[in-house]
Amino acid sequence: MAKRDYYEVLGVEKSASEDEIKRAYRKLAVKYHPDKNPGDKEAEQKFREATEAYEILSDEQKRPIYDQYGFAGLDGMGQGGGGGYSHAFNDFSDLFGGMGGGFGDIFENLFGGGGGSSRRKSSGPQPGASLRYDLQLGFRDAIYGTKAEIHFKHAEACDVCHGTGGTGKKSCPTCHGVGQVVSGNGFFRMQQTCPKCQGKGEVIDNPCSACRGTGLQNKNKTVSLTIPAGVDTGKRITIPRQGDSGANGGPAGDLIVVIHVEEHPYFERDGQDLYCAVPVSIAQAALGCDITITALDGKKIELKVSPGTSNGKLLRIKGEGVPFTGTTRKGDLYVKIMVKVPQKLSSEQKKLLQQYLEAENPTTSPDLIKLNELNK
């Protein structure tokens, strides 16, 4: 029987996102799983077909090959022949973890991921958790770079027990060292973290009073950080091994600093370019003039406003924008000319403007201006 297109199997468009593919597969896997359809060969075939499709389309390397060459492109990778579940079932805890009822554990048990010693928590070194720190940066500091000191709390090895958690470690009597307890059978088999040992597989007869058997204590820490020029909101800077300490001598996690840039009252950013606005009078715009502005870095920049400059015109200053991180290149600075109309006029100003109006003799029935000519 000819193989069906993977996108057709999952019922998604070729442009489907990773989340859309995952949702489609989850729905089919629950519907056609053999445990829900005992003895139904057609359901089993559809389950295998959906799993194969998900395995390919959820893989960032295999999917583009399939999109370009179809099944033929996958033959050389040992794919496309049906059967392989290795990639798909690695994702079951993510696919079914949010559905409740232990679906992730059910599928792992059914296909070699659960059961027995494979679920046992290692008593060896365990890596520590990575931490997130949200750092507020001033606009100018983000553009030109700065140094910052970060103060946070993280878990370190206990000073009293030196991270051991206490004395008298032994296998957990509830889960027998597995770290998981299982109840029920068939499709509704439930596998959960052992409540006695919290998944560690071990208990301590004499837990340390200082850390209550965890082996870790929360402590204050300060880290100095160099912020490179040109960072923007959302930029992540990873500081290795500054997160929580690992268990049993395992490596510490990382500290992930997420940048949030404050707004500036006079400048705004678009990529590597900066924008600001300056006012000029009607006479300056009509006759032309030279003006001096202060850039974000404090530099004085002279600008020539050409005669007849209209309101909203952008003047470009090359190389005065945002630095490209890790290079000497910079974006540009754009200055928007705002023609300021006076709200109050002296008698002499009114007289002069009236004379200009009479000399100009403007029409009182002007034609409409095409919208595409407004910014010219």
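Thresholds, definitions, all that
- Residues numbered from 1 in each chain as written.
- Predicted model: local features only at pLDDT ≥ 70, side-chain atom pairs only at ≥ 80, totals over all residues.
- Heavy atoms only, no water.
- Helix = DSSP H or I, 4+ residues; strand = E, 2+ residues; numbered from the N terminus.
- Areas by Shrake-Rupley, 256 points an atom, 1.4 Å probe, with all protein chains shown as cover.
- Pairing = 2+ DSSP bridges.
- Axes fitted to C-alpha atoms, helices over the stretch in contact; angles between N-to-C directions.
- Patch = residues over 30% accessible without salt bridge, like charges linked within 9 Å, V, L, I, M, F, W, Y side chains within 5 Å.
- Salt bridge = Lys/Arg side-chain N within 4 Å of Asp/Glu carboxyl O.
- Lys, Arg positive; Asp, Glu negative; His and termini not counted.
- Charge placed at Lys NZ, Arg CZ, Asp CG, Glu CD.
- Buried < 20%, exposed > 50% of the residue type's maximum accessible area, 1.4 Å probe, protein only.
- Disulfide = S-S within 2.5 Å.
- Core = buried A, V, L, I, M, F, W, Y, C linked by side-chain atoms within 4.5 Å.
- Contact = heavy atoms within 4.5 Å.
- Parallel < 35°, antiparallel > 145°, perpendicular 65-115°, else oblique.
- Left-handed = near helix turned anticlockwise from the far one by under 90°.
- Nonpolar A, V, L, I, M, F, W, Y, C, P; charged D, E, K, R; others polar.
- pLDDT = per-residue confidence, 0-100.

Undergrad: So, the overall build of the protein chain: which residues are in play, and what are the values?
TA: In terms of regular secondary structure, the protein chain is built from 11 helices and 15 strands. Entry remark: accessible area of the protein chain is about 23,200 Å², with carbon and sulfur atoms responsible for 49%.

Undergrad: Explain the sheet that holds strand β14 (residues 314-317) residue by residue, including any values.
TA: Here we have four strands laid out as an open sheet, ordered β10-β11-β15-β14, and mixed in their pairing. A single partner strand is all that each edge strand has here, and the edge strands are β10 (268-270) and β14. If you compare each strand with its neighbour and ignore which way they point, the axes differ by 35° on average. Strand direction decides the pairing type here: strand β11 (residues 273-281) and strand β15 (residues 333-340), joined by eight bridges, are parallel. Each residue of the ladder has a partner; that of Val 278, found in β15, is Ile 337.

Undergrad: Can you lay out a negative patch on the surface for me, pointing to particular residues and giving the numbers?
TA: A cluster of like negative charges, contributed by Glu 18, Asp 19, Glu 20 and Glu 60, occupies part of the molecular surface. Examined against the element boundaries, Glu 20 turns out to sit in helix α2 (residues 18-32). Judged by its relative accessible area of 35%, Glu 20 falls in the partly exposed class.

Undergrad: How would you summarise unusual backbone geometry if you had to cite specific residues and measurements?
TA: Backbone geometry at His 176 places phi at a positive 60°, although glycine is not the residue there. Note that His 176 resides in the loop between β3 (166-171) and β4 (180-183). The phi angle at Gln 198 is positive, at roughly 60°, despite the residue not being glycine. Position of Gln 198 relative to the elements: it lies in the loop between β5 (190-193) and β6 (202-207). Note on Gln 198: relative accessible area 57%, which makes it exposed.

Undergrad: Which residues make up the sheet that holds strand β1 (residues 131-137), and what values go with them?
TA: Taken together, three strands build an open sheet; the order of strands is β1-β9-β8 and the sheet is mixed. At either end of the open sheet lies a strand with only one pairing partner, and these are β1 and β8 (236-239). In this sheet, adjacent strand axes meet at a mean angle of 25° when their direction is disregarded. Summarising the sheet, β1 and strand β9 (residues 255-261) pair through seven bridges and their orientation is parallel. Bridge pairing in β9 places Leu 135 opposite Ile 259.

Undergrad: Can you break down the pattern of salt bridges residue by residue, with the values?
TA: Within the structure shown, the criterion is met by 13 salt bridges. Between Glu 44 and Arg 48 there is a salt bridge, with the nearest N and O atoms lying 3.5 Å from each other. Of the two residues, Glu 44 and Arg 48 are both situated in helix α3 (residues 41-57); the distance of four residues between them amounts to about one turn of the helix. Using a relative accessible area of 27% as the deciding quantity, one classes Glu 44 as partly exposed. Taking the relative accessible area as the measure of exposure, Arg 48 reaches 36% and is therefore partly exposed. For Arg 269, the salt bridge is made with Asp 232, and the minimal N-O distance between the two is 3.8 Å. A residue pair is termed long-range when its members are at least 10 positions apart, and Arg 269 in strand β10 and Asp 232 in the loop between β7 (216-227) and β8 qualify at 37 residues.

Undergrad: Run through the pairing of β8, naming residues and quoting values.
TA: Two faces, one strand: in a regular strand the side chains alternate between the faces of the sheet. Residues Ile 237 and Ile 239 of β8 are buried on one face, while the alternating residues Arg 236 and Thr 238, pointing to the opposite face, are not. Examined bridge by bridge, β8 and β9 share four bridges and lie antiparallel to one another. Bridge pairing in β9 links Thr 238 to Ile 256.

Undergrad: Talk me through the state of the cysteines; I want residue IDs and the actual numbers.
TA: Cysteine pairs can be covalently joined through their sulfur atoms, and such a bond is termed a disulfide. Evaluation of the coordinates by the stated rule reveals zero disulfides. Considering cysteine sulfurs only, Cys 211 is the nearest to Cys 161, which forms no disulfide, with 3.7 Å between them. The cysteine Cys 172 is free of any disulfide, with Cys 175 supplying the nearest cysteine sulfur at 3.7 Å. Its relative accessible area of 1% is what places Cys 172 among the buried residues.

Undergrad: So what's going on with the nonpolar core? Which residues, and what values?
TA: Counting 39 residues, the largest nonpolar core has Ile 227, Val 257, Ile 259, Ile 291, Ile 293, Leu 333 and Val 335 as the members making the most contacts within it. Look past the residues within four positions of Ile 259 in its chain and what remains in contact with it is Leu 135, Leu 137, Ile 227, Val 231, Asp 232, Thr 233, Gly 234, Lys 235 and Ile 237.

Undergrad: A description of the environment of Ile 282 should follow, citing residues and the corresponding values.
TA: Examined against the element boundaries, Ile 282 turns out to sit in helix α10 (residues 282-287). For Ile 282, a relative accessible area of 41% puts it in the partly exposed group. A C-alpha to C-alpha distance of 6.3 Å links Ile 282 and Lys 340, two positions 58 residues apart in sequence. In this structure Ile 282 touches Val 339, Lys 340, Val 341 and Pro 342, once residues within four positions along its chain are discounted.

Undergrad: Residues and numbers for the packing of α2 against α3, please.
TA: The N-to-C vectors of α2 and α3 enclose an angle of 160°; their axes lie 9 Å apart at closest approach. The pairing of α2 with α3 is recorded here as roughly antiparallel in orientation. Where α2 crosses over α3, the handedness of that crossing is left-handed. Taking contact as the criterion, the partners of Ile 21, Lys 22, Tyr 25, Leu 28, Ala 29 and Tyr 32 in α2 are, on α3, Ala 43, Glu 44, Lys 46, Phe 47, Ala 50, Thr 51, Tyr 54 and Leu 57. For the contact of α2 with α3, the class distribution of residues is 10 nonpolar, one polar and three charged.

Undergrad: Account for the confidence of the model for the protein chain, with residues named and values stated.
TA: Of the residues in the protein chain, 84% reach a pLDDT of 70 or more, and the chain-wide mean stands at 84. Confidence drops under a pLDDT of 50 for residues 80-94, and excluding neighbours within four residues, the segment shows 34 contacts in the predicted structure. When the criterion is pLDDT under 50, residues 97-122 qualifies, and its contacts beyond four places in sequence or with other chains add up to 52 contacts.

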